[in-house]
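These are the residues of each chain, in order.
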Amino acid sequence: MAADPTRQLENYLRHLSIERGRSHNTLLAYRRDLNRYLAWLGEQDIADLGNVSPEHIALFGRSLTESGLAAASVARILSAVRGWHRFLLEEGELERDSAREVLPPKLPSRLPKALRIDEVESLLAAVAGDDPQSLRDRALLELLYATGARVSEAVDLNVDDLIDGDILRLRGKGNKERIVPVGSYARAALDAYLVRARPIFSARGLATPALFLGARGSRVSRQNAWLIIRRAADRAEVTSEVSPHSLRHSFATHLMQGGADVRVVQELLGHSSVATTQIYTRVTADSLREMFVQAHPRAR
C-alpha cells in the first residue's frame, strides 16, 4: 500500500517544528514549497514518493526555472525537497534518496548591501520626535543598528530581555540565544520609549510582555517593523536600497571597517559559522579598493 504524501508532509513539518526548532514563518515556507512539489508530482501522475526518481526531481527543478522563478527561489524549493526526501529515508519510509544527487542552480555571489554611516544617521534622524510613535520607531531603529538584530528577533523581544540596562538577550534561528551589548544611543532611545511611550500603547490592549507595541497595544509584527524602516527611509530620502536586513548589514560592515575581529562580529550576528560572517571582510576590502582607486594618483 502506497504511503500518503500528505501524512508524510505533516510528519516532516512536525519534525522541523519540534526537533529542529524551526519558526512558524519558516514552517509556512516549507509547507508552501513542498505543496508545490506535490502538485507537480500529481501532474506527473506520481502518487507515491517512493516512485520519484532523480530524473523527476531534475525535471521539477527545470520546471521551476522555466516558470520564471529566480535562482534563489528555485534553490530554496529544491533544498526543501532534498531535506524531505532525506528525512523519509532516515525514517525508513523510502528505500533511496532520489533528491541527493540533484544540485540547485548556482547562485550569483551577492554582497550584502550596507548603508553608509551618514545614511544611517539620516534614517535615525527621520524618526526624531516626542510623540509615542516616534519614540517607539526611534528605539526600534536604534536597537537594530546597535545590535545587528534581525527584524524578526527585534519584534520577538520582551521587556525582560533587556538585562542590566546595557545587555540584550536575542533569540535567533532555531531559538538559539545570544547576548549582545547595547550602545548608549540605543539605550537612551529605549529608555525614552519605555518611560514615555510604551505605557500609552500598553493601556490600549491586553497585558503583554512584548517590548515593541503597536497602536492597539499588541506586539509589533515583522511587517509593521518593515513599514517603519521603509517610512523612515522615504522621509530621510535615502537613495540606497533599503531592505529589512539593511541595518543588520550596516552594523556588521561598520564594525569590520572599524577594525572589529571577524569572530566577534560572528558572535554578535549569531552566525553558526565564521564563513558566513567573512563575506563582510570582502565588503571592507572592496571599500578599501574603491577608496584607493579614487585617492591614489597612480591607482588607475
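In what follows, the accompanying structure is described. (Residues numbered from 1 in each chain as written. Predicted model: local features only at pLDDT ≥ 70, side-chain atom pairs only at ≥ 80, totals over all residues. Heavy atoms only, no water.)

### Let's talk about the overall build of the chain
At step 1: Looking only at helices and strands, one finds 14 helices and 3 strands in the chain.
At step 2: Dimensions of the chain, computed from the C-alpha atoms along their principal axes, are close to 65 × 65 × 35 Å.
At step 3: Sorting the 300 residues of the chain into buried and exposed places 40% on the buried side.
At step 4: In the form shown here, the chain has an accessible surface area of approximately 16700 Å², with 51% of it arising from carbon and sulfur atoms.
At step 5: The positive charge centre, built from 41 side chains, and the negative charge centre, built from 37, are 3 Å apart in the chain. (Helix = DSSP H or I, 4+ residues; strand = E, 2+ residues; numbered from the N terminus. Buried < 20%, exposed > 50% of the residue type's maximum accessible area, 1.4 Å probe, protein only. Areas by Shrake-Rupley, 256 points an atom, 1.4 Å probe, with all protein chains shown as cover. Lys, Arg positive; Asp, Glu negative; His and termini not counted. Charge placed at Lys NZ, Arg CZ, Asp CG, Glu CD.)

### A short note on the sheet that holds strand 3 (residues 177–181)
At step 1: Sheet architecture is open: 3 strands sit in the order 1-2-3, paired in antiparallel fashion. A single partner strand is all that each edge strand has here, and the edge strands are strand 1 (162–163) and strand 3.
At step 2: Where strand 1 and strand 2 (residues 167–171) come together, 2 bridges link them in antiparallel fashion. Its bridge partner being in strand 2, I163 is matched across the sheet by I167. (Pairing = 2+ DSSP bridges.)

### Focus on unusual backbone geometry
At step 1: Phi at D45 takes a positive value of approximately 60°, unusual for a residue other than glycine.
At step 2: On the secondary structure map, D45 appears in the loop between helix 2 (24–43) and helix 3 (54–66).

### Comments concerning the pairing of strand 3
At step 1: Residues R178 and V180 line the buried face of strand 3, whereas the alternating positions E177, I179 and P181 sit on a face that is not buried.
At step 2: Counting the residues in the hairpin turn of strand 2 and strand 3 gives 5 residues, including G174, whose phi is positive at 70°.

### Observations regarding the packing of helix 5 (residues 117–125) against helix 6 (residues 132–147)
At step 1: Running from N to C, helix 5 and helix 6 point in directions that differ by 155°, and their axes come no closer than 9 Å. Viewed along their axes, helix 5 and helix 6 adopt a mutual orientation that is roughly antiparallel. Facing V120, L123, L124 and A125 of helix 5, the residues of helix 6 in contact are R138, L141, E142 and Y145.
At step 2: For the contact of helix 5 with helix 6, the per-class residue count stands at 6 nonpolar, no polar and 2 charged. (Axes fitted to C-alpha atoms, helices over the stretch in contact; angles between N-to-C directions. Parallel < 35°, antiparallel > 145°, perpendicular 65-115°, else oblique. Contact = heavy atoms within 4.5 Å. Nonpolar A, V, L, I, M, F, W, Y, C, P; charged D, E, K, R; others polar.)

### Some remarks on helix 5
At step 1: Buried within helix 5 we find E119, V120, L123 and L124. Projected onto a plane normal to the axis of helix 5, the buried residues spread over an arc of 135° and lie on a single side.
At step 2: Of the surrounding elements, those touching the buried residues of helix 5 are helix 6, helix 10 (222–236) and helix 11 (246–257). (Arc of directions from axis to C-beta.)

### Topic: the pattern of salt bridges
At step 1: Summed over the entire model, instances satisfying the criterion amount to 16 salt bridges.
At step 2: Taken together, the salt bridges that share partners define one network made up of D161, R169, R171 and E177. (Salt bridge = Lys/Arg side-chain N within 4 Å of Asp/Glu carboxyl O.)

### Looking at the packing of aromatic side chains
At step 1: All told, the structure shown has 6 aromatic pairs when counted by the stated rule.
At step 2: Ring geometry for Y12 versus F87: centroids 5.2 Å apart, planes at 40°, classification tilted. Here the residue Y12 occupies a position in helix 1 (residues 5–18), and F87 occupies one in helix 4 (residues 71–90), the gap between them amounting to 75 residues.
At step 3: A relative accessible area of 8% means that F87 is categorised as buried. (Phe/Tyr/Trp six-rings, centres within 6.5 Å; stacked < 30°, edge-to-face > 60°.)

### Topic: the side chain of R136
At step 1: Examined against the element boundaries, R136 turns out to sit in helix 6.
At step 2: On the basis of relative accessibility, which here comes to 9%, the residue R136 falls in the buried class.
At step 3: For R136, the residues in contact, after removing those within four places along its chain, are Y193, F201, F212, L213, G214, A215, V220 and I228.

### Things to note about the nonpolar core
At step 1: Among the nonpolar cores identified, the biggest contains 50 residues, and L141, L143, L144 and F212 are the most heavily contacted of them.
At step 2: Those elements that provide at least two residues to this core are helix 5, helix 6, helix 7 (151–155), strand 2, helix 8 (184–196), helix 10, helix 11 and helix 12 (262–269).
At step 3: A per-element tally of this core places helix 6 first, with 6 residues.
At step 4: With near-sequence residues (within four places) excluded, L144 lies in contact with A149, R150, V151, A154, I229 and L247.
At step 5: In this structure, W40, I57, I77 and L94 belong to the second largest nonpolar core, which totals 28 residues. (Core = buried A, V, L, I, M, F, W, Y, C linked by side-chain atoms within 4.5 Å.)

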